[in-house]
Amino acid sequence: MSSKETHKPRREFIKQSIAAMALTTAGIPSSWATRPVKVEKVQPVQPGFPEQPIKFSVIGMNHGHTYGQIGAMQRAGGILVAYYAVEPEIMEQFNKRYPEAKPARSADEIYEDTSIQLILSAAIPSDRADIGIQAMKHGKDFMSDKPGIISLEKLEEVKKVQKETGRIFSILYSERMENKASVKASELVRAGAIGKVVQTVNLAPHRMNIPSRPEWFFDTKYYGGIITDIGSHQVDQFLYYTGSTRAIVVGAQAGNVHYPQYPEFEDFGDAILRGNGGMGYIRVDWFTPDGLDTWGDGRLTILGTEGFIELRKYTDLAGRPGGNHLFLVDGKETRYIDCSDQYLPFGELFSNDILHRTETAMSQDHCFLATEVTLQAQAQTQRIKMEL
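Residues numbered from 1 in each chain as written. Predicted model: local features only at pLDDT ≥ 70, side-chain atom pairs only at ≥ 80, totals over all residues. Heavy atoms only, no water.

Caption draft 1: Spotlight on the overall build of the protein. Per the secondary structure count, the protein includes 13 helices and 16 strands. At 24 Å, the protein has a C-alpha radius of gyration in line with the 21 Å of a compact globule built from 388 residues. Taking the principal axes of the C-alpha coordinates as reference, the protein spans close to 80 × 55 × 45 Å. Across the 388 residues that make up the protein, the buried fraction comes to 49%. For the protein, the exposed area adds up to about 18500 Å²; of that, 54% sits on carbon and sulfur atoms. Averaged over its 43 positive side-chain charges, the protein has a centre that lies 6 Å from the centre of its 48 negative ones. (Helix = DSSP H or I, 4+ residues; strand = E, 2+ residues; numbered from the N terminus. Rg over C-alpha atoms; globule rule 2.2 N^0.38 Å. Buried < 20%, exposed > 50% of the residue type's maximum accessible area, 1.4 Å probe, protein only. Areas by Shrake-Rupley, 256 points an atom, 1.4 Å probe, with all protein chains shown as cover. Lys, Arg positive; Asp, Glu negative; His and termini not counted. Charge placed at Lys NZ, Arg CZ, Asp CG, Glu CD.)

Caption draft 2: Region of the structure containing the side chain of Arg128. Within the secondary structure, Arg128 sits in helix α5 (residues 125-137). Accessibility expressed as a relative area gives 1% for Arg128, which makes it buried. Within the structure, Arg128 has its side chain in polar contact with the backbone oxygen of Ala123 (distance 2.6 Å). Sequence-distant contacts of Arg128, that is, excluding residues within four places in its chain, are made with His63, Ser121, Ala122, Ala123, Phe142, Ser144, Asp145, Lys146, Pro147 and Gly148. (Polar contact = N/O pair within 3.5 Å; in protein donor to acceptor, adjacent residues only side chain to side chain. Contact = heavy atoms within 4.5 Å.)

Caption draft 3: Region of the structure containing a nonpolar patch on the surface. A surface patch of nonpolar side chains, amounting to about 250 Å² of accessible area, comprises Ile248, Val250 and Ile272. Tracing the chain through its elements places Ile248 in strand β9 (residues 247-255). Ile248 gets classed as partly exposed once you look at its relative accessible area, which sits at 43%. (Patch = residues over 30% accessible without salt bridge, like charges linked within 9 Å, V, L, I, M, F, W, Y side chains within 5 Å. Salt bridge = Lys/Arg side-chain N within 4 Å of Asp/Glu carboxyl O.)

Caption draft 4: Main features of the sheet that holds strand β8 (residues 197-205). Strands sit in the order β1-β15-β14-β13-β12-β8-β11-β10-β9-β16 across an open sheet of 10 strands; the sheet is mixed. Edge positions in the sheet fall to β1 (38-41) and β16 (382-383), since each of these pairs with one other strand and no more. Pairing of strand β13 (residues 307-312) with strand β14 (residues 325-330), which is carried by 6 bridges, proceeds in the antiparallel orientation. Paired with Phe308 across the bridge in β14 is Val329. Its contacts with the sheet place helix α11 (residues 231-242) against β8, β9, β10 (268-275), β11 (279-285) and β12 (299-304), and it is angled at close to 165° to β8. (Pairing = 2+ DSSP bridges. Axes fitted to C-alpha atoms, helices over the stretch in contact; angles between N-to-C directions.)

Caption draft 5: Quick look at the packing of helix α6 (residues 152-165) against helix α13 (residues 364-379). As a packed pair, α6 and α13 sit with axes 10 Å apart at the nearest point and diverge in direction by 170°. Of the possible angle classes, the one that applies to α6 and α13 is roughly antiparallel. For α6 against α13, the interelement crossing comes out left-handed. Here α6 contributes Leu152, Leu155, Val158, Lys159 and Gln162 to the contact with α13, which in turn contributes Gln364, Phe368, Thr371, Glu372, Leu375 and Gln376. For the contact of α6 with α13, the residue count by class is 5 nonpolar, 4 polar and 2 charged. (Parallel < 35°, antiparallel > 145°, perpendicular 65-115°, else oblique. Left-handed = near helix turned anticlockwise from the far one by under 90°. Nonpolar A, V, L, I, M, F, W, Y, C, P; charged D, E, K, R; others polar.)

Quick look at the structure:
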């Protein structure tokens, strides 16, 4: 045996002894120094399908999230019937990607097709609410990309039409509904794994990638502001995980600190929220560096009275590959859960809601409350005036 091999066990013993002494001095049991992390992996389940497929169409495909909306419905057996955009180049792209669907000649052609049950939209955000209003007036349910509504006045109009028609106005908050770690966290919170939720902390950086962005992306008139836009995901999660049915904005700020060439753009925002089920903090920004292997290091911490959950949704810096990482600490142990095989039930649940007029994917009240709190936060923002 070499000298190096002889000394290795001794070095490990010394390291563990020092760690144990430090913990004991701090009043922490020495056994914690070697406490292992319990590693788990979510097991795949057989996807469910509604008793009949939903026939749906798309009006407005200005954001790539439209593919996620379509994918959610198709995984549940949905049939894409037709699509329409005012931009010929987008129509051409869709024709190549979905040759089985019909390119409509106008939005009215889709509205008036009585075989279509659902209309999806990822149009320019300022246009989405009106598309939804027309869909509901034509007897169809509607699912928007976020943000579905960018003004409080338009929210009241949507509420009125939804109540009159009884149709569904839904917004696909994909960072919760279509993220596997988020879905697993929902199950754990409902099961009481961390006790009563006290607070959520959402950090949501995004990559700017200026060459890929259309002109409307840089003007709050079209996208509503950074909290209205990407912050809507985080407000939805705050309300959902805390179980809040009422909420107020304690404080919010937003501004453009790095892109003076786009004066109507906001690249940073944050807000503190308080609901009747818990508190929340959100931070959103457009500062993901190019060195990161994904568009953003999105993280969510859910603090409970008996433990906490941390989600590393899209990457685990210098750690495990890929995304969908969940960490849970309670009074007994630390757990790491690989959620890469977690079933995403949104499409199945939403399809059944359309068929049975239920609210299993998301209640209408929650959809409108998430929108209202988001818009209130944006309206109350203090303007950041600084330059980096």
